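Structural overview
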2 protein chains.
Amino acid sequence: MVQDLVYPKKKQNTLNRYNSRGTYDLSTIHHIINSISVLHVSFAPSPEDPFPVILPMIGVMGSFEYPSADLNEPLDCYLHGYVSSRLMRLARESGNGLPVCIAATKVDGLVLSLTPNSHSYNYRSAVLQGYAKFVETDQEKLYAMQKITDKVVEGRWDHTRVPPDNVEMTSTTILRVSIETGSGKIRQGGPHDEPKDENRTDITEKVWTGVVPVYETLDAPVPSATNKVNSLPEYIQKYVQKVTSENREHAHEAVKEP
Amino acid sequence: MVQDLVYPKKKQNTLNRYNSRGTYDLSTIHHIINSISVLHVSFAPSPEDPFPVILPMIGVMGSFEYPSADLNEPLDCYLHGYVSSRLMRLARESGNGLPVCIAATKVDGLVLSLTPNSHSYNYRSAVLQGYAKFVETDQEKLYAMQKITDKVVEGRWDHTRVPPDNVEMTSTTILRVSIETGSGKIRQGGPHDEPKDENRTDITEKVWTGVVPVYETLDAPVPSATNKVNSLPEYIQKYVQKVTSENREHAHEAVKEP
């Protein structure tokens, strides 16, 4: 197994500040991408339009050629979501793929310090840059669809009506992004104040400092109006509990100094 | 008071699909931006670099010229966070400001349907496009710093050591984005399946369908090692409870059909 692989430090992904919080570790970056529900995907729409576009999409790391690859190995990012006709055209026209940037951030806490300037969030953030192309073969599409469905709820694919029929296969568009470079940033720990404020009791006796842990809670599932399965399946129940408790644990771990 | 203002539909922000979920309403879009802790800000780094860059930043809507402006009125977006030397240079060199795209998305639920294809998230998403410039005057900087600090915890500014001293003022960089256009997307409700699946009892008797509400919880605040204020101030306590209960309520409201 390949271990401790890192993304190359290039001009575009080199972190110039807070280096202690920065990481180029594949495993860490891929894990952040996989644990955040919605990714933001940016691309340049056309030479005449000065503004980049950002689309919210679902995405997951994977390797169709080496499906058993671990998160610490080189992987592609598979994206699913609303594909505008413009994005469709751009991705089709691009020979090597459309250059995109993918970002995902999760807030783990509110960091409250003595002065406004040192206020911050505890967070995990990952950014990938790469070339996006549409997945062409049904086999690879199926591979990505399963990974994306299982990202919503672990093991969900096997508990739904599969495989997708021909119409569903044709109407589904999946983008595969070959990653060129990536980076991650993690902020954890309490507030960091300066001695000029910490040594003044008139300030420290008045200003509460600390961290408010923040985490995503998955609440009790609500059956749809047309649901015919009386009791909530165990795999959903377990997933809901597992994710919430992992998220809570992570937010509390993030309170500790790194 | 100006009411029901909408962003102009231009080529770059027109939503071509799921129009029922789309909105151009200023109030809705500004509210989404203000209620999401971390925004993703995208820009084109240079003509030679094909990849857009995305930076996670804190941001808030406001108007320095009309501080009493409501969320349904035209506002700028003030951004604070790590400003790379590249972004710094680009924003300084740009005459009218650097074209940026700002995106914010919050997940409100996991939508579980009969088939993988109809799986989705309940979510709120806002995208703004505009020109970013550095705030030059101390007065406007202070205005933005207060709004940004109060975004972390409502009313926090007044409970910290203010005003920032000269060094803090100089070292703080705030970007003001003049908004050109914006759009929002909201997905709520349960799963939408097709009759071809809903009419098959072999499927409906096996596949649980419904929504898992998702919301951000603010947990009990953890004092820092150097904190000298013994009991948690009421404004923090109240804020933590209010935000968590509003988030929970929102996620459950989102389960209902729009």
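It should be noted that the structure appears before, not after, this text.
What this report covers is the structure whose coordinates are included nearby. (Residues numbered from 1 in each chain as written. Chains lettered and ligands numbered in written order. Predicted model: local features only at pLDDT ≥ 70, side-chain atom pairs only at ≥ 80, totals over all residues. Heavy atoms only, no water.)

Describing the overall build of chain A
The number of helices and strands found in chain A is 7 helices and 9 strands. Along the longest, intermediate and shortest principal axes, the C-alpha atoms of chain A span 70 × 55 × 40 Å. The contacts in chain A between residues at least 6 apart in sequence include a share of 73% that link residues at least 24 apart. Summed over its atoms, the accessible surface of chain A is roughly 11400 Å², and 50% of this surface lies on carbon and sulfur atoms. (Helix = DSSP H or I, 4+ residues; strand = E, 2+ residues; numbered from the N terminus. Contact = heavy atoms within 4.5 Å. Areas by Shrake-Rupley, 256 points an atom, 1.4 Å probe, with all protein chains shown as cover.)

Looking at the interface of chain A and chain B
At the junction of the two partners, chain A supplies 99 residues and chain B supplies 99 residues. Carbon and sulfur atoms make up 62% of the surface buried where chain A meets chain B, a total of about 8300 Å² over both sides. Per-residue buried area on chain A facing chain B is highest for Phe51(A), Tyr82(A) and Trp208(A); these three make up 10% of the total on that side. Our count for the chain A to chain B interface comes out at 6 salt bridges. Lys196(A) is the salt-bridge partner of Glu168(B), the closest N and O atoms lying 3.4 Å from each other. (Buried area = accessible area lost by both parts, 1.4 Å probe. Salt bridge = Lys/Arg side-chain N within 4 Å of Asp/Glu carboxyl O.)

Thoughts on the pairing of strand β5 (residues 98–112) of chain A
Residue and element names in this part refer to chain A. Within β5, 15 of the 15 residues are buried, leaving the element largely enclosed by the surrounding structure. Inspection of the sheet shows β5 paired to strand β6 (residues 120–134) by 13 bridges, in the antiparallel sense. Of the residues in β6, the one forming a bridge with Ala103 is Val127. Bridging between β5 and strand β8 (residues 210–218) involves 4 bridges; their strand directions are antiparallel. Bridge assignment links Val111 to a residue of β8, and that residue is Val211. (Buried < 20%, exposed > 50% of the residue type's maximum accessible area, 1.4 Å probe, protein only. Pairing = 2+ DSSP bridges.)

Thoughts on the side chain of Thr172(A)
Structurally, the position occupied by Thr172(A) is in the loop between α4 (166–171) and β7 (174–187). Given a relative accessible area of 4%, Thr172(A) falls into the buried group. In terms of polar contacts, Thr172(A) uses its side chain to reach the side chain of Asn117(B), at 2.8 Å. Ignoring any residue separated from it by four or fewer positions in sequence, one finds Thr172(A) in contact with His80(A), Lys141(A), Met145(A) and Asn117(B). (Polar contact = N/O pair within 3.5 Å; in protein donor to acceptor, adjacent residues only side chain to side chain.)

Thoughts on the relation of the copies chain A and chain B
Of the two same-sequence chains, chain A is brought onto chain B (RMSD 0.0 Å, axial shift 0.0 Å) by a rotation of 180 degrees. Classification of the inter-copy transformation places it as that of a two-fold axis. Within chain A, the C-alpha atom positioned nearest to the axis of rotation is that of Glu216(A), 2.2 Å from it. Of all interface residues in chain A, 100% are interface residues in chain B too; the two copies therefore contact each other through one and the same surface. (Least-squares fit on C-alpha atoms with pLDDT ≥ 70 in both.)

Some thoughts on the packing of aromatic side chains
Enumeration according to the criterion identifies 6 aromatic pairs over all chains in this entry. Site record: aromatic cluster; members linked through ring pairs are Phe64(A), Tyr78(A) and Tyr143(A). The lysine or arginine in question, Arg92(B), covers the ring of Phe134(B), its NZ or CZ lying 4.6 Å from the ring centre. (Phe/Tyr/Trp six-rings, centres within 6.5 Å; stacked < 30°, edge-to-face > 60°. Lys NZ or Arg CZ within 6 Å of the ring centre and 35° of its normal.)

Some remarks on the pattern of salt bridges
Taken as a whole and judged by the stated rule, the model has 26 salt bridges over all chains. Across the pair Lys238(A) and Glu234(A) runs a salt bridge, and its minimum N-O distance is 3.0 Å. Separated by 4 residues within a single helix, Lys238(A) and Glu234(A) lie in helix α7 (residues 234–253), roughly one turn from each other. The exposed category is assigned to Lys238(A), whose relative accessible area is 51%. When salt bridges with common partners are traced through the structure, they connect Arg161(A), Asp165(A), Glu168(A), Lys196(B) and Asp197(B) into a single cluster.

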